Amino acid sequence: MSAPRIAIIGAGPGGLTLACILRRNGMQCNVFELDHDRSARDQGGIVDLHREMGQLALREAGLFEDFQKHSLPAAEAMKLVKSDGRVFWDENDASRGETGLPGDRPEIDRAKLRDILLDSIQPDSIQWNRKLVRVEPTEGANVKYNLHFTDGMEVGFDLVVGADGAWSKVRPLLTDELPFYSGITVIELKASEVSTKKQWLADFTGQGSCFMFDEGRTLVCQRNGNDSIRVYAAVRQPETWVKDCGIDWDQSNAAQNIFTERYFGDCHDDLKRVIAVEASDGLIPRTLWMLPIGLKRSPRPGVTLLGDAAHLMTPFAGVGVNVALADALDLARSLLKRKSLFETDLRANLADALREYEGPMFERANENMVKTWGGLRHHFSAGGIDERVERLRGRAKLREAARRREEAEMREKAKQ
Ligand SMILES: Cc1cc2nc3c(=O)[nH]c(=O)nc-3n(C[C@H](O)[C@H](O)[C@H](O)COP(=O)(O)OP(=O)(O)OC[C@H]3O[C@@H](n4cnc5c(N)ncnc54)[C@H](O)[C@@H]3O)c2cc1C
């Protein structure tokens with residue numbers, strides 16, 4: 001018996017973080033990714049990394065300083081608007097006294113996060129342009145896994161980690177459950193070079209994110225790192241709405257106008273301007289899918305999941321990347337703890353490692369899926385902005401109380 005042969009399917013934030021932590025601690029693994037190369041695809045907008053999940057995993061990967069260097073703390077600023085244009089909360093406006101939690105959950109561009117992770121692993125540990133089709137267990141007691149790709153096979157893995165996102169090809173080995181449509185479709189729009197070409201949108205959005213929640217619809221404008229702003233105009237509509245609604249999404253300017261008038265027509269002119277006019281540099285309709293909370297599964301030695309492959313959820317609590325990174329950290333720890341034991345009994349120790357990892361992982365997933373479901377409800381309800389303002393006020397009070405306590409303690413110490 002020897003060290004396990006590990007295959008990680010998917011070079012998203014989850015798979016790459018696992019690869020980084022394992023490799024940094026002397027455990028070999030191979031990552032297989034369907035993209036042709038690192039720049040094959042737009043990686044999307046920004047994500048905030050929480051101290052106890054995403055940030056912790058990056059610390060363990062030795063990448064926290066890189067993350068800090070590229071993070072965008074100002075992008076935490078939040079502005080909340082109602083459909084009639086009234087501003088109910090604005091952390092960009094110091095005169096309102098509404099402060100967030102600076103430094104607690106800094107944002108980073110997803111592309112930058114992926115670059116940091118990719119730069120830290122050896123180029124030979126990742127195989128691009130490898131699209132997994134299925135995983136096949138071998139016969140007999142000493143089961144191994146063969147990977148079937150569109151362009152051939154890789155054989156003899158002891159552990160296969162499905163970090164391959166929503167439509168995982170590894171997941172079918174553990175469960176028959178499939179993602180289902182969440183009821184929400186997002187029209188993702190983009191504005192580039194905002195500081196020179198889209199000053200109005202830049203001012204409207206502020207330094208971070210601007211949200212409008214309403215019954216059946218949501219609008220989010222978000223600063224990104226490369227002088228761009230992404231706009232997410234989301235609506236509660238049936239699964240086939242994108243193709244059935246009669247809007248030709250390829251004609252993006254016309255589509256934006258029709259979409260705005262039909263679904264946001266009674267909103268304040270500023271909100272309509274954001275969707276119809278300002279965010280004119282890219283349009284992608286996205287149907288949002290999710291896995292059931294409390295996924296039914298049968299554990300299998302040598303196969304596991306992490307991130308969206310294990311617990312796909314909608315983005316309405318902003319935790320998906322964080323949970324994926326926390327999974328990667330826990331799985332890496334569980335494997336590394338047994339590194340010296342794999343020599344003596346590979347199979348039993350792999351089974352122990354997966355048992356130790358999967359229980360808490362699915363528990364954390366369920367907690368965050370419940371939170372996300374609540375987030376979806378309030379993003380698409382008429383009272384959503386009021387609920388969010390209440391929550392932020394509560395948070396600000398706690399923060400203020402903590403600050404006062406700290407000051408009092410300092411004064412006490414100074415007296416002694
Ligand atoms: C619009 C939107 C906004 C979001 N905003 C946030 C946010 O603000 N904060 C947050 O924390 N989360 C957010 N999320 C969620 C977040 O994007 C995901 O939870 C996160 O990317 C999951 O990481 P992952 O590594 O598990 O999977 P993914 O990021 O999906 O990565 C999977 C990788 O596997 C590859 N792959 C897929 N299939 C195969 C195959 N068959 N063979 C080989 N490779 C394959 C893919 O190309 C990809 O590189 C958002 C999601 C959406 C859709």
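Along each chain, the written sequence defines residue order, and numbers are assigned to residues from 1. With pLDDT at 70 or above as the cut-off, local features in this predicted model cover only qualifying residues; side-chain atom pairs require 80 or more to be listed or tallied, and sums for whole chains, interfaces and linings still use all residues. Excluded from the side-chain calculation are hydrogens and water; included are all heavy atoms of the structure.

With an unreviewed UniProt entry as reference, the protein chain is termed FAD-binding domain-containing protein, source organism Imshaugia aleurites.

To continue, consider empty space enclosed by the protein. In this analysis the probe radius is 1.4 Å and the grid spacing 1 Å, with only protein atoms considered; a cavity is a set of points the probe fits into but cannot get out of, a pocket is an open set with protein on both sides within 12 Å along at least five of seven lines, and lining residues have an atom within 4 Å of a point. Grid points are joined across faces, edges and corners, and a volume is the space filled by probe spheres set on the points. Summed over all chains, the structure comprises two cavities of 30 Å³ or more. Taken together, Pro13, Gln43, Val47, Arg110, Leu113, Arg114 and Val321 make up the lining of the largest cavity. Helical segments are the DSSP runs of H or I of at least four residues, strand segments are the runs of E of at least two, and each set is numbered from the N terminus. Counting residues per element, the lining of the largest cavity draws most heavily on helix α4 (residues 110-120), at three residues. Taken as a whole, the second largest cavity encloses approximately 30 Å³ of empty space. Lining of the second largest cavity is provided by Pro292, Gly294, Leu295, Ala310, His311, Phe362, Ala365, Asn366 and Met369. Contributions of two or more residues to the lining of the second largest cavity are made by α10 (308-311) and α12 (346-379). Top contributing element to the lining of the second largest cavity by residue count: α12, with four residues.

Here we come to helix α11 (residues 320-336). How far a helix is expected to stretch is found by multiplying one less than its residue total by 1.5 Å. Compared with the 24 Å implied by 1.5 Å per residue over 17 residues, the 24 Å span of α11 between its first and last C-alpha is a close match. The rule is simple: take the accessible area with a 1.4 Å probe, protein chains only, and divide by the maximum for that residue type; under 20% is buried, over 50% is exposed, in between is partly exposed. α11 sits mainly inside the fold: 14 of its 17 residues count as buried.

Bringing the packing of aromatic side chains into the picture now. Here the aromatic set is Phe, Tyr and Trp, taking the six-membered ring for Trp, and pairing holds for ring centres within 6.5 Å; pairs whose planes are under 30 degrees apart are stacked, those over 60 apart are edge-to-face, and all others are tilted. Following the criterion strictly, the structure yields 14 aromatic pairs and no others. On the numbers, 5.3 Å between centres and 75° between planes, the contact of Trp167 with Trp289 is edge-to-face. Residue Trp167 is found in the loop between β11 (159-162) and β12 (180-191), and its partner Trp289 is found in strand β16 (residues 283-290); the two are separated by 122 residues along the sequence. Judged by relative accessible area, Trp167 falls into the partly exposed class, the value being 45%. Look at Trp241 and Tyr263: their rings are 5.4 Å apart centre to centre, the planes differ by 85°, and that puts the pair in the edge-to-face class. Highlighted residues: Trp241 in helix α7 (residues 241-244) and Tyr263 in helix α8 (residues 252-264), separated in sequence by 22 residues. An identical accessibility class is assigned to Trp241 and Tyr263; each is buried.

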